[in-house]
Amino acid sequence: MRQRRADEYAEFAAARAGHLYRSACLLTAGDTHLAEDLVQETLGRLYVRWGRLSRVGNPAAYAQTVLTRAFLAHQRRRSSGERATDVFPDLPGAGDGDASLRLTLLAALARLPAKDRAVIVLRYWEDRSVEQTADVLNVSSAAVRTRCVRALGRLRELLGEDLAEYARP
């Protein structure tokens, strides 16, 4: 029985690690090292609770919730000695798509507060509903809608006319 659970966990972790990593990269605005740490922490927490996760209907959504909460906890406890940087390392798969657009969007995401960034990633990258996002963040649906409006407004303000030059006709 124990070996079967371990095998199920290993299969789940292998299947979801890439998606969790991409989400973590967005949450951390391109900090790949922190993204790796967050994914590792998420997978560790899931491993500890894997036997009880059989009651969870969607372990992938639960994993995303754990990742988002780990990110927000990290942001709250971040040392004042740490400084954000404007230099982004190459991300895996960076050859796909428009690199300058990706860097512009990551730079704009980096300038958002952590909770606003989490709302944007959950709502528009993860394609979660307002209610699902509220559940992950432990806030009301109204708070999610308010944060979405403010965060999108801030992104528009940060991107301004720069985004128009990247838009394809």
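Residues numbered from 1 in each chain as written. Predicted model: local features only at pLDDT ≥ 70, side-chain atom pairs only at ≥ 80, totals over all residues. Heavy atoms only, no water.

Let's shift gears to the overall build of the chain. Looking only at helices and strands, one finds 8 helices and 0 strands in the chain. Along the chain, from the amino end to the carboxyl end, the secondary structure elements read α-α-α-α-α-α-α-α. Taking all 169 residues of the chain together, the buried fraction comes to 39%. By element, 50% of the accessible surface of the chain is carried by carbon and sulfur atoms, the whole surface being about 10300 Å². (Helix = DSSP H or I, 4+ residues; strand = E, 2+ residues; numbered from the N terminus. Buried < 20%, exposed > 50% of the residue type's maximum accessible area, 1.4 Å probe, protein only. Areas by Shrake-Rupley, 256 points an atom, 1.4 Å probe, with all protein chains shown as cover.)

The next subject is the confidence of the model for the chain. Here the chain averages 81 in pLDDT, while 80% of its residues score no lower than 70. Mean pLDDT per element in the chain: helix H8 (residues 162-166) is the minimum at 56, and helix H2 (residues 32-49) is the maximum at 90. (pLDDT = per-residue confidence, 0-100.)

This part covers the packing of aromatic side chains. The final tally for this structure, using the stated rule, is 3 aromatic pairs. Aromatic pair Tyr 9 and Trp 50: ring centres 5.6 Å apart, planes at 75°, arrangement edge-to-face. With a gap of 41 residues between them, Tyr 9 in helix H1 (residues 2-27) and Trp 50 in the loop between H2 and helix H3 (59-77) connect regions that are remote in the sequence. Judged by centre distance (5.1 Å) and plane angle (40°), the ring pair of Phe 12 and Trp 50 falls under tilted. Note that Phe 12 is positioned in helix H1 and Trp 50 in the loop between H2 and H3, a separation of 38 residues in sequence. Among the aromatic residues, those joined into a ring-pair cluster are Tyr 9, Phe 12, Tyr 47 and Trp 50. The positively charged end of Arg 123 is found above the aromatic ring belonging to Tyr 124, 5.5 Å away from the centroid. (Phe/Tyr/Trp six-rings, centres within 6.5 Å; stacked < 30°, edge-to-face > 60°. Lys NZ or Arg CZ within 6 Å of the ring centre and 35° of its normal.)

Moving on to the side chain of Thr 68. Structurally, Thr 68 can be placed in helix H3. Take Thr 68: its relative accessible area is 0%, and that puts it in the buried class. Contact partners of Thr 68, with chain neighbours within four places excluded, come to Leu 27, Ala 118, Leu 122, Val 136 and Leu 137. (Contact = heavy atoms within 4.5 Å.)

Further remarks concern the packing of helix H4 (residues 99-110) against helix H7 (residues 141-159). As a packed pair, H4 and H7 sit with axes 10 Å apart at the nearest point and diverge in direction by 125°. Judged by the angle between their axes, H4 and H7 are oblique. Once H4 is placed against H7, the crossing between them reads as right-handed. Along the contact surface, H4 presents Thr 104, Leu 105, Ala 108 and Leu 109, while H7 presents Leu 155, Leu 158 and Leu 159. (Axes fitted to C-alpha atoms, helices over the stretch in contact; angles between N-to-C directions. Parallel < 35°, antiparallel > 145°, perpendicular 65-115°, else oblique. Left-handed = near helix turned anticlockwise from the far one by under 90°.)

This part covers the environment of Ala 17. Note that Ala 17 resides in helix H1. Sequence separation of Ala 17 and Ala 63 is 46 residues, and the distance between their C-alpha atoms is 9.7 Å. Ala 17 has contacts with Val 39 and Leu 43, leaving out every residue within four places of it along the chain.

For the rest of this paragraph, the subject is the pattern of salt bridges. Within the structure shown, the criterion is met by 4 salt bridges. Of the charged contacts, one joins Arg 45 and Glu 41 as a salt bridge, the two residues approaching to 2.4 Å between their closest N and O atoms. A residue pair is termed a helical-turn pair when its members lie 3 or 4 positions apart in one helix, as Arg 45 and Glu 41 do in helix H2 at 4 residues. The exposure class assigned to Arg 45 is partly exposed, which follows from its relative accessible area of 32%. One salt bridge connects Arg 147 with Asp 116, and the closest N-O pair in it is separated by 2.6 Å. Note that Arg 147 is positioned in helix H7 and Asp 116 in helix H5 (residues 114-125), a separation of 31 residues in sequence. Arg 147 gets classed as partly exposed once you look at its relative accessible area, which sits at 31%. (Salt bridge = Lys/Arg side-chain N within 4 Å of Asp/Glu carboxyl O.)

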